[in-house]
Amino acid sequence: MSTSVPQAPATTQASSADTAKVQKPKRKRRKFSPWGVVAWIVGLGFFFPVFWMVLTAFKQEVDAYTTTPKFFFVPTLDEFKAVFDQGVGTALLNSLFATTVSTILVLALGVPAAFALSLRPVRKTQDALFFFMSTKMLPVVAAIIPLYVIVSNIGLLDNIWALIILYTSMNLPIAVWMMRSFFLEVPGELLEAASLDGASTWRAVREVILPLVSPGIAATALICVIFAWNEFFFAVNLTAVQAQTMPVFLVGFIAGEGLYWAKLCAAATMAALPVVLAGWVAQNKLVRGLSFGAIK
Amino acid sequence: MATITYKNASCIYESSDKLAVDSLNLDIDDGEFVVLVGPSGSGKSTALRMLAGLEDIDEGSIEIGGKDMVGVPSKDRDIAMVFQNYALYPNKTVAENMGFALKLRGVSADERRKKVEEAAKMLDLTEHLDRKPAKLSGGQRQRVAMGRAIVREPQVFCMDEPLSNLDAKLRVQTRTEIAALQRRLGTTTVYVTHDQVEAMTMGDRVAVLRNGKLQQFASPTELYDKPANAFVAGFIGSPAMNLMTAPIVADGVRIGENSTLELERDQLTQLHDAGLKEVTAGVRPEDLELSDSGGIEVIVDLVEDLGSEAYLYTHAGPGVTLVARSLPRAPAKLADTVRLRRQSGGVVHLFNPQTGERIG
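Notes on the structure in this doc start here. (Residues numbered from 1 in each chain as written. Chains lettered and ligands numbered in written order. Predicted model: local features only at pLDDT ≥ 70, side-chain atom pairs only at ≥ 80, totals over all residues.)

**Examining the overall build of chain B**
Turning to step 1, where the next piece is worked out: Helix and strand counts for chain B come out as nine helices and 20 strands.
Turning to step 2, where the next piece is worked out: With the C-alpha coordinates aligned to their principal axes, the bounding extent of chain B is approximately 75 × 45 × 35 Å.
Turning to step 3, where the next piece is worked out: Out of the 360 residues belonging to chain B, those deemed buried represent 44%.
Turning to step 4, where the next piece is worked out: Within chain B, residue pairs in contact and separated by at least 24 positions form 65% of the contacts whose partners lie at least 6 positions apart. (Helix = DSSP H or I, 4+ residues; strand = E, 2+ residues; numbered from the N terminus. Buried ≥ 20, exposed ≤ 12 C-beta atoms within 10 Å, placed from the backbone. Contact = placed C-beta atoms within 7 Å.)

**A short note on helix 9 (residues 188–196) of chain A**
Turning to step 1, where the next piece is worked out: Of all the positions in helix 9 of chain A, only L190, L191, A193, A194, S195 and L196 of chain A are classed as buried.
Turning to step 2, where the next piece is worked out: Summarising the contacts, the buried residues of helix 9 of chain A are in contact with helix 10 (201–230) of chain A together with helix 1 (44–52) and strand 6 (79–82) of chain B.
Turning to step 3, where the next piece is worked out: Directly beyond the C-terminal end of helix 9 of chain A, a positive phi value near 105° is found at G198 of chain A.

**Points about the sheet that holds strand 19 (residues 337–342) of chain B**
All names here are of chain B.
Turning to step 1, where the next piece is worked out: Taken in spatial order, the five strands make up an open sheet running 15-19-16-17-18, and their pairing is antiparallel. Lying at the two open borders of the sheet, with one neighbouring strand each, are strand 15 (288–291) and strand 18 (320–326). Between one strand axis and the next, the sheet turns through 50° on average, direction left out of account.
Turning to step 2, where the next piece is worked out: Sheet analysis places strand 17 (residues 310–317) next to strand 18, joined by seven bridges and oriented antiparallel. (Pairing = 2+ DSSP bridges. Axes fitted to C-alpha atoms, helices over the stretch in contact; angles between N-to-C directions.)

**Observations concerning the nonpolar core**
Turning to step 1, where the next piece is worked out: Ranked by internal contacts, the top residues of the largest apolar core, which has 158 residues, are L163 of chain A together with M81, C158 and V190 of chain B.
Turning to step 2, where the next piece is worked out: Take this core: its biggest share by element is 13 residues, from helix 8 (residues 160–184) of chain A.
Turning to step 3, where the next piece is worked out: Counting only domains with at least three residues in this core, you end up with domain 1 (4–234) and domain 2 (239–351) of chain B.
Turning to step 4, where the next piece is worked out: Apart from the residues lying within four places of it in its own chain, the contact partners of C158 of chain B are L48, L51, A52, I79, M81 and V190 of chain B. (Core = buried A, V, L, I, M, F, W, Y, C linked by C-beta atoms within 7 Å. Domains from an automatic or database assignment.)

**Focus: the sheet that holds strand 20 (residues 348–351) of chain B**
All names here are of chain B.
Turning to step 1, where the next piece is worked out: Reading across from one edge, 13-12-11-14-20 is the order of the five strands in this open sheet, with antiparallel pairing throughout. Each of the sheet's edge strands pairs with one partner strand only, and the pair in question is strand 13 (259–262) and strand 20. The mean angle between the axes of side-by-side strands here comes to 45°, regardless of whether they run parallel or antiparallel.
Turning to step 2, where the next piece is worked out: Across six bridges, the pairing between strand 11 (residues 242–249) and strand 14 (residues 278–283) is antiparallel. Each bridged residue has a counterpart across the sheet, and for T245 the counterpart in strand 14 is T280.

**Examining the environment of A218 of chain B**
All names here are of chain B.
Turning to step 1, where the next piece is worked out: Within the secondary structure layout, A218 lies in strand 10 (residues 213–218).
Turning to step 2, where the next piece is worked out: In this structure A218 comes out as partly exposed when scored by C-beta crowding, with 18 C-beta atoms within 10 Å.
Turning to step 3, where the next piece is worked out: Residues A218 and R329 lie 111 residues apart in sequence; the distance between their C-alpha atoms is 36 Å.

**As for unusual backbone geometry**
Residues and elements named next belong to chain B.
Turning to step 1, where the next piece is worked out: Cis geometry is found at the peptide bond from S238 to P239, where omega equals -5°.
Turning to step 2, where the next piece is worked out: Its location among the elements puts P239 in the loop between helix 8 (230–235) and strand 11.
Turning to step 3, where the next piece is worked out: Positive phi, close to 45°, is recorded for N8, a residue that is not glycine.
Turning to step 4, where the next piece is worked out: Given 13 C-beta atoms within 10 Å, N8 falls into the partly exposed group.

Encoded structure:
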């Protein structure tokens, strides 16, 4: 009895695996899939504007404005030079500084919060989570005047630290929610095992929990970087020359008269580059995914 | 190595006023293997987690080696625990998993390696030391979890259903291995299981819990021979003891329409002294046998022939079921009417039908 029972499903499984093996290469070889075409169209649709932006960045202003778009031309770095002459350095540094510092702050505050709200549930966890989310419910536009007054009163107008504080608070709720869901995937028993092994909570989190959630933290950090880097509304209202960030700098190229497309594209390409790089760096971490082999 | 004492230890469920563990008293000797057993929700895991410091001791106290553990964090209790899901650190290799506690204690890398290799040899894990837990089979993971506990040489081993994720065959094999290992190391061990076979085979003594309350704390044979109440009687032994609440007649208890389960004279005297009209009588399947005349008339509902022995599932009237062990290739067939009687040397256990307590 006891031996025949497990055998029966095992043989059916094996045979179904065999048939799957036979079918698979057939399907792979040449099966026209309409969804594949849709995927390609959507993919190209997303990619083309970016491609066109990069292409235009290497054109002369005159070439950028031709009514029949030019795909072949003599590439030039003139527009990049012009962008540098306009002082892109300050804007780039400001953006870099605001993004990096705010993301570090978000992680420094968000990781402990996410830990407390997942593996070590505190009282009123749900209320705390809702409170975090509720801060995102007010449209930013509605808050900009009081914010402006406050920032002005504490003397931080046109100061990058004003943006750092705002970006940190803007990203923190999302980061806590995101990281909490990653922490929830970690079995609580690991913490208990570590504490029985003699680890303090800090040590257990650092040596056992953090390595497991690091892909999640990387994903969260990437989102924060993107949001902070692309933020425009606060930056345009609260900064002028000294603390202006890349998005504000970009808008400066949209002139009332004269040709500016190529220059704008060159600046935009430079603005996009760091985010692409950050995404590429984080990708390795993201793809590796969460591995919880020891459980089950 | 240490003694463990539960003194009226209680734990209250967070969400309710109900006691998960209700004034538990246990005295566990140094080096003893004690099994906590009970159905789910009986508080056995909570009792273990209180010992390990993973659950608060809300009332009473627990002492390890004479030292009160109330308020002492897990990491300072010198306890090693084997979890049901093993809780191995997925990002560490087998060797790192086993050596983590020593590393935290500041043991040098050389000595750590020596101890880990020693334990790995004992558990047949030597060739897997550099692998991550994800690459191991269930049985190997279980052994790593054991190894992690052994390497530390703690005062106490806590084991929370460590075999429940293994398949039946491996479970039986590992069961004997763990018991043998514990005897060799001589470390005081508290082991939680819902499986009464594990409890009977592994424990020096077994504590049966139900609804957070201790029912009986005794050696496996005593639990089997002299269950303290009807619950323990029904829980220990497989198939379970036949328990019937029935009216008392002149020479025994009435079963079904007109059959009588005969009792010894001193048992009848005890029942008379207790002034009971009814009693809960318990007979183990292995204490019943088929007979030609007398005994209890029953109708066979099912015959389970296991090869070495057979079990007859019968009923003697509405709601009165009886299981009896018989020789294999039992002559009885489905829907047969047969007679069962107590074997010579077989025991009828008597319990108070209201309180469930043992009589005599």
